[in-house]
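This is what each chain is made of:
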Amino acid sequence: GFFQSYAVEVDVKDASNATCLYAKWMMRFLIKYETNSSDYRNATLNLLSNVTHNGSVCGNDTQAALLAVQFGEGHSWSINFTKTNETYQGDFITFTYNTNDTAVFPDAKRKGPITIVVKDTMGPVELNNVFVCHNTDFLEAENVTQIFWNVTVQAFVQNGTIGKKESRCRADTPTSAPTVPPTIANITTASTTTLSPAPTTAPKPVENPVTGNYSLKIGNRTCLLANMGLQLNVSQDKPLLINVNPKTTSVDGACGNTTATLKLNDGNSTFISF
């Protein structure tokens, strides 16, 4: 599927109404759940609207900062930050999804909220620096894949002023930042704004996609192999064709006893999971 995604912007204030924690990011969740017939389905949970950030905490030298958001029918996500004299970093991410949301989890066998906790992979960031990561990052635990991209965050903001110096994630290159996918809309805690559609000029012909070899290995043994050319044809206001370039596309995934997952990410605006 090609899903419309949303950006969330949270600006947490302290008692003097100065910014103490700021974040703007995009995320999506892929969840495998059991149905009443004992088979398994894959659900995609997106942030669509009505995002709140109740319970967010500024933090200090002795207390962790907390960035918490709530969305949809009983779903929530949070990350806490700890700091030293010179750095801050993400500690644990807590994600709760509610299978009573029948629009996302039809015929779910287990009903009610389910919570998973996973350690954040964000490294230490210098105080007063902004952590930025445009490229896609994944966290997998307990049948849940959390997907993040276009992340900007600063915890323990000093004097209410967002830092001007960036600390980039390893996946980002200093010379180029990926563009935002053309179907993205932006949501902030104050208002909701949808990006204007691209001008309706005649699209240029798109050549056939280059064939690539995408494989996964367990040790020296190949467990999944795909040889294919990939082109996405997205129909919204006008057709949008995207060729996946195997030369710039990273391959990730996992092979299990009964399932295998192949993930392709061009580090720009295209992410596909088989």
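Residues numbered from 1 in each chain as written. Predicted model: local features only at pLDDT ≥ 70, side-chain atom pairs only at ≥ 80, totals over all residues. Heavy atoms only, no water.

**Q** Could you clarify how one ought to interpret the pairing of strand 3 (residues 40-46) in this entry?
**A** The two faces of the sheet receive side chains in turn, since in a regular strand these alternate between them. The sheet contact formed by strand 2 (residues 19-34) and strand 3 spans 7 bridges and is antiparallel. Each bridged residue has a counterpart across the sheet, and for tyrosine 33 the counterpart in strand 3 is arginine 41. Taken together, strand 2 and the strand that follows it, strand 3, pair antiparallel across an intervening segment of 5 residues, in which serine 38 is found at a positive phi of about 65°. (Pairing = 2+ DSSP bridges. Helix = DSSP H or I, 4+ residues; strand = E, 2+ residues; numbered from the N terminus.)

**Q** Would you mind going over the sheet that holds strand 21 (residues 271-273) with me for this structure?
**A** Sheet strands line up and pair through hydrogen bonds in the backbone, either parallel or antiparallel. Strand order in the open sheet formed by 3 strands is 19-20-21, and the pairing between neighbours is antiparallel. Unpaired on one side and paired on the other, strand 19 (250-255) and strand 21 mark the two borders of the sheet. Across the sheet, the mean angle from the axis of one strand to that of its neighbour is 10°, orientation sign disregarded. (Axes fitted to C-alpha atoms, helices over the stretch in contact; angles between N-to-C directions.)

**Q** Is there a simple way to explain the pairing of strand 2 in this structure?
**A** Within strand 2, 12 of the 16 residues are buried, leaving the element largely enclosed by the surrounding structure. Across 10 bridges, the pairing between strand 2 and strand 11 (residues 144-155) is antiparallel. The partner of leucine 30 across the bridge, within strand 11, is threonine 145. (Buried < 20%, exposed > 50% of the residue type's maximum accessible area, 1.4 Å probe, protein only.)

**Q** Just to check I follow, could you spell out the packing of aromatic side chains for this structure?
**A** Ring pairs (aromatic) are described by centroid distance and by the angle formed between their planes. For the structure on display, the rule yields 7 aromatic pairs. With 5.5 Å between their ring centres and 35° between their planes, tryptophan 25 and tryptophan 77 make a pair best called tilted. Remark: tryptophan 77 occurs in strand 5 (residues 75-83) and tryptophan 25 occurs in strand 2; sequence separation between them is 52 residues. Accessibility expressed as a relative area gives 5% for tryptophan 77, which makes it buried. Counting every residue linked through ring pairs, the aromatic cluster contains Phe29, Tyr33, Phe71, Phe95, Tyr97 and Phe105. It is lysine 119 that lies over the ring of phenylalanine 92; its NZ or CZ is 5.3 Å from the centre. (Phe/Tyr/Trp six-rings, centres within 6.5 Å; stacked < 30°, edge-to-face > 60°. Lys NZ or Arg CZ within 6 Å of the ring centre and 35° of its normal.)

**Q** I would appreciate a short explanation of the nonpolar core in the present structure.
**A** The nonpolar side chains of a soluble globular protein tend to be buried with one another. Core analysis: the largest hydrophobic core is formed by 46 residues, its most contacted members being Trp25, Trp77, Phe81 and Phe95. Ranked by the residues each element gives to this core, the list is headed by strand 2, at 8 residues. Tyr214, Ala226, Leu232 and Leu264 belong to the second largest nonpolar core, which has 11 residues in total. (Core = buried A, V, L, I, M, F, W, Y, C linked by side-chain atoms within 4.5 Å.)

**Q** Help me understand the state of the cysteines, please; the structure alone is not making it clear to me.
**A** Here a disulfide denotes a covalent bond joining the sulfur atom of one cysteine to the sulfur atom of another. All chains considered together, the criterion is met by 3 disulfides. The side chain of cysteine 20 participates in a disulfide bridge whose partner is cysteine 58; the two sulfur atoms lie 2.0 Å from each other. For the disulfide bridge between cysteine 20 and cysteine 58, the dihedral angle about the S-S bond is near -70°, and by the sign convention the bridge is left-handed. Here the residue cysteine 20 occupies a position in strand 2, and cysteine 58 occupies one in the loop between strand 3 and strand 4 (65-71), the gap between them amounting to 38 residues. Residue cysteine 20 shares its accessibility class with cysteine 58, and that shared class is buried. The disulfide that involves cysteine 133 links it to cysteine 169, with 2.1 Å between the sulfurs. For the disulfide bridge between cysteine 133 and cysteine 169, the dihedral angle about the S-S bond is near 70°, and by the sign convention the bridge is right-handed. One end of the pair, cysteine 133, is in strand 9 (residues 129-133); the other, cysteine 169, is in the loop between strand 12 (165-168) and strand 13 (185-188), with 36 residues separating them in the sequence. Assigning the bonded cysteines of the chain consecutive numbers by sequence position, one obtains the connectivity 1-2, 3-4, 5-6. (Disulfide = S-S within 2.5 Å.)

**Q** Explanation requested: the pattern of salt bridges in the structure shown.
**A** Pairs may arise between side chains of opposite charge once their charged atoms sit close together. Considering all chains together, one arrives at 6 salt bridges under this definition. A salt bridge links lysine 109 to glutamate 34, with the shortest nitrogen-to-oxygen separation between them at 3.7 Å. Taken together, the positions of lysine 109 in the loop between strand 6 (87-98) and strand 7 (113-119) and glutamate 34 in strand 2 put the pair 75 residues apart, joining distant regions of the chain. Residue class for glutamate 34 comes out partly exposed when judged on its relative accessible area of 27%. Residues aspartate 91 and lysine 119 are paired through a salt bridge, measuring 3.8 Å at the closest nitrogen-oxygen approach. (Salt bridge = Lys/Arg side-chain N within 4 Å of Asp/Glu carboxyl O.)

**Q** Can you walk me through the side chain of asparagine 98 in this structure?
**A** The topology assignment puts asparagine 98 in strand 6. There is a polar contact of 3.1 Å between the side chain of asparagine 98 and the backbone nitrogen of asparagine 100. Once residues within four sequence positions are removed from consideration, asparagine 98 is found in contact with Glu73, Gly74, His75, Phe105, Gly112 and Pro113. (Polar contact = N/O pair within 3.5 Å; in protein donor to acceptor, adjacent residues only side chain to side chain. Contact = heavy atoms within 4.5 Å.)

These results come straight from atomic positions and should not be treated as a statement about function.
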